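The lines below spell out each chain.
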Amino acid sequence: MLKASALYIVIIIALVIGLICSSLIVAAYYYKFEYQKKFRYSRLESNLQSGVNILLAGEDTSFTTEKTFSLFGGDADSVSLKKLNWGIYNIGVAKAIIQKDTLYQTFSIANTIDSTKWAAIYLVDEDRPFSLSGKTTIRGDAYIPKAGVQEAYIDNKAYSGDKRLIIGTKHTSAKTLPVLNSNRLTLLQSFFNKDSTIVRTLPKADSLQQSFLLATQVFNFKKQAQTISNIKLKDNIILRSDTSIVIDSTAELHNILIFAKSITIKSGFHGNCQLFATDSIFVGARCHFDYPSCLGVLRYQSAVSTTQEKITLGPGDYFSGIIFNYEKAQNQLKPSISIGKHTQIIGQVYSQGILELKDSTEVDGSVFTSLFYYRNAFTLFENYLINTTINSKALSPYYLSGDLLPVASKKKKVLQWLEAN
């Protein structure tokens, strides 16, 4: 006869076996759950990347309103896509959806450079030569007047650069500049023309950020001159004014748009943004604009104007992005871009009129202009460069341009990843 204690041992062993089996079942369940979760996440990531690629490949008019559809048919593998015009670039919003799970990414879109149109300098041919003095360096292909390029002696400075004058292939330029993209100009004009009877002022807060997944926050100051100071503004925000906007060095701006009659940036500012004016943009000394930034003065009126469009950068500035001007009607006072001493530009400069490069200015990228100015205390020289560096080879091969400029190709890439989950 078995002892009574043996029954207890059997019960304990059965309990242990039961716990082990239960643990194995639970472990198998959670393993399967995590596997399905990882599989679903990988599938969402793949669908999201497909959505991004669709936005990059789509035409500019595609997805201006949000569209949701299945990638492969049926109810699964849905994506929701939208493209937003954002200054000289576009913003893409992509979402991948499987049942209640969603992944999203917002990103800016820009164009690659067309190497067949790219050049360090494009100077319009006005039947006169182009002159260099001092330690001037031009590296890269150049479109210059038929009269050619020559050495000059100015301000007690003889030319002391490379004896080739232009370190690259020389081409003959045309009588006019390659034109800006008319579609993008129309889109920029629409930002100026958008009207609202409501005057909105900035909140009394130290920061404001608006996701590109939400509606754009537009602050319209109308005829009230406005100073932006002691605040951080980021992403999907537009500031508009019928008069002037002043940006103080205490303001921190990231990816926002500003449209006004005139814009002034105080010395010491640091940020990245796109600024557009109809009259003038003035940048103080020692300002730092990170990539991708933009300064543009645009005049759409067809009537002749008596005021000159101006973009002025102070001494010691650093700017990475695009600087340009545009006017619909030709005026006697040509639009002007003036870049101060010891200022470095990383990117592109496009001037329909005058480009004034002062002593020790450096442009790592490309310059398109109708006319160069050099001004000393006594004289104004046309089509002269003195102690200036223009080097298209120094620009990063990963640099992307807005489709506004004539060197942009049709191929689009992601410029910045902005938001993701």
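Fair warning: this is a prediction, and the values are worked out from it, not measured in the lab. (Residues numbered from 1 in each chain as written. Predicted model: local features only at pLDDT ≥ 70, side-chain atom pairs only at ≥ 80, totals over all residues. Heavy atoms only, no water.)

Student: Teacher, can you tell me more about the sheet that holds strand β27 (residues 384–386) here?
Tutor: Pairing is parallel in the open sheet, where three strands are placed in the order β9-β6-β27. Each of the sheet's edge strands pairs with one partner strand only, and the pair in question is β9 (149–151) and β27. In this sheet, adjacent strand axes meet at a mean angle of 25° when their direction is disregarded. Pairing geometry for strand β6 (residues 130–133) and β9, over three bridges, is parallel. Paired with L132 across the bridge in β9 is E151. (Pairing = 2+ DSSP bridges. Helix = DSSP H or I, 4+ residues; strand = E, 2+ residues; numbered from the N terminus. Axes fitted to C-alpha atoms, helices over the stretch in contact; angles between N-to-C directions.)

Student: Even after reading the chapter, I still don't get the pattern of salt bridges, so can you show me in this structure?
Tutor: All told, the structure shown has nine salt bridges when counted by the stated rule. Measuring nitrogen to oxygen at the nearest pair gives 2.8 Å for the salt bridge that ties E126 to R128. Owing to a relative accessible area of 29%, E126 belongs among the partly exposed residues under this scheme. For E382, the salt bridge identified is with R128, shortest N-O distance 2.5 Å. Separated by 254 residues along the polypeptide, E382 in strand β26 (residues 380–382) and R128 in the loop between β5 (121–123) and β6 bring together distant segments of the chain. Among the residues examined, E382 registers a relative accessible area of 31% and is labelled partly exposed. One salt-bridge network, in which partners are shared between bridges, spans E126, R128, K334 and E382. (Salt bridge = Lys/Arg side-chain N within 4 Å of Asp/Glu carboxyl O. Buried < 20%, exposed > 50% of the residue type's maximum accessible area, 1.4 Å probe, protein only.)

Student: Just checking my understanding: could you explain a nonpolar patch on the surface for this structure?
Tutor: A cluster of nonpolar side chains, contributed by I12, V16, I20 and L24, occupies part of the molecular surface with about 380 Å² of accessible area. Relative to the elements of secondary structure, I20 occurs in helix α1 (residues 4–57). (Patch = residues over 30% accessible without salt bridge, like charges linked within 9 Å, V, L, I, M, F, W, Y side chains within 5 Å. Areas by Shrake-Rupley, 256 points an atom, 1.4 Å probe, with all protein chains shown as cover.)

Student: What am I meant to see in the domain arrangement of the chain here?
Tutor: Reports of interface size often rely on the accessible area that becomes lost once the parts have come together. Along its sequence, the chain is carved into domain 1 (4–112) and domain 2 (121–405). In this structure, domain 1 and domain 2 have C-alpha centres spaced 44 Å apart. Opposite the 16 residues of domain 1 that make contact, domain 2 presents 26 residues. For domain 1, the biggest contributors to the area lost against domain 2 are W86, I88 and Y89; these three give 45% of the whole. If you look at where domain 1 meets domain 2, you find seven residue pairs in polar contact (both at pLDDT 80 or more). Of all the secondary structure elements, the ones that give two or more residues to the side of domain 1 that touches domain 2 are β2 (78–86), β3 (89–98) and β4 (101–113). When the residues that make up the side of domain 1 that touches domain 2 are grouped by side-chain class, the tally is eight nonpolar, six polar and two charged. (Domains from an automatic or database assignment. Contact = heavy atoms within 4.5 Å. Buried area = accessible area lost by both parts, 1.4 Å probe. Polar contact = N/O pair within 3.5 Å; in protein donor to acceptor, adjacent residues only side chain to side chain. Nonpolar A, V, L, I, M, F, W, Y, C, P; charged D, E, K, R; others polar.)

Student: What is the right way to read the packing of aromatic side chains from this model?
Tutor: Ring pairs (aromatic) are described by centroid distance and by the angle formed between their planes. Applying the stated rule across the entire model yields 18 aromatic pairs. Seen from their ring centres, F259 and F276 are 5.1 Å apart, and the 15° between their planes marks the pair as stacked. Highlighted residues: F259 in strand β18 (residues 252–265) and F276 in strand β19 (residues 270–283), separated in sequence by 17 residues. Across the pair, exposure class does not vary: F259 and F276 are buried alike. Geometrically, the ring pair formed by Y291 and Y399 is tilted, given 5.5 Å between the ring centres and 40° between the ring planes. With Y291 in strand β20 (residues 288–299) and Y399 in the loop between β28 (389–391) and β29 (408–420), this pair connects stretches of sequence that are 108 residues apart. Using a relative accessible area of 29% as the deciding quantity, one classes Y291 as partly exposed. In this structure, K67 is placed above the aromatic ring of F63, and the distance from its NZ or CZ to the ring centre is 5.2 Å. (Phe/Tyr/Trp six-rings, centres within 6.5 Å; stacked < 30°, edge-to-face > 60°. Lys NZ or Arg CZ within 6 Å of the ring centre and 35° of its normal.)

Student: Would you explain the environment of T307 in this entry?
Tutor: Here T307 shows up in the loop between β20 and β21 (310–313). Relative accessible area serves as the criterion here: at 40%, T307 is assigned to the partly exposed category. For the pair T307 and T68, spaced 239 residues apart in the sequence, the C-alpha separation amounts to 48 Å. Sequence-distant contacts of T307, defined by excluding residues within four places in its chain, comprise R299 and L333.

Student: Sorry if this is basic, but what is going on with the pairing of β19 here?
Tutor: The side chains of a regular strand alternate, first on one face of the sheet and then on the other. Bridge analysis of β18 against β19 gives nine bridges, and the strand direction is parallel. Bridge assignment links A260 to a residue of β19, and that residue is A277. Bridge count between β19 and β20: six bridges; the pairing is parallel. Bridge pairing in β20 links F276 to G296. Bridging between β19 and β21 involves four bridges; their strand directions are parallel. Paired with V283 across the strands is L313, a residue of β21.

Student: What exactly am I supposed to notice about the sheet that holds β3 here?
Tutor: One key point about sheets: their strands pair by backbone hydrogen bonds, in either a parallel or an antiparallel sense. Read across the sheet, five strands follow the order β1-β2-β3-β4-β29 without closing on themselves; strand pairing throughout is antiparallel. Two strands lie at the open edges of the sheet, namely β1 (67–70) and β29, each paired on one side alone. Going across the sheet, the axis of each strand differs from the next one's by a mean of 25°, ignoring polarity. Pairing of β4 with β29 involves eight bridges; the strand directions are antiparallel. Bridge pairing in β29 places N111 opposite K412.

Student: I'm lost on the side chain of Q348 in this one. Help?
Tutor: Assignment of secondary structure puts Q348 in strand β24 (residues 344–357). Within polar-contact distance, the side chain of Q348 engages the side chain of S401 at 3.1 Å. If near-sequence neighbours (up to four positions away) are discounted, Q348 is found in contact with I113, W118, G321, I322, I323, S366, Y399, S401, L405 and V407.

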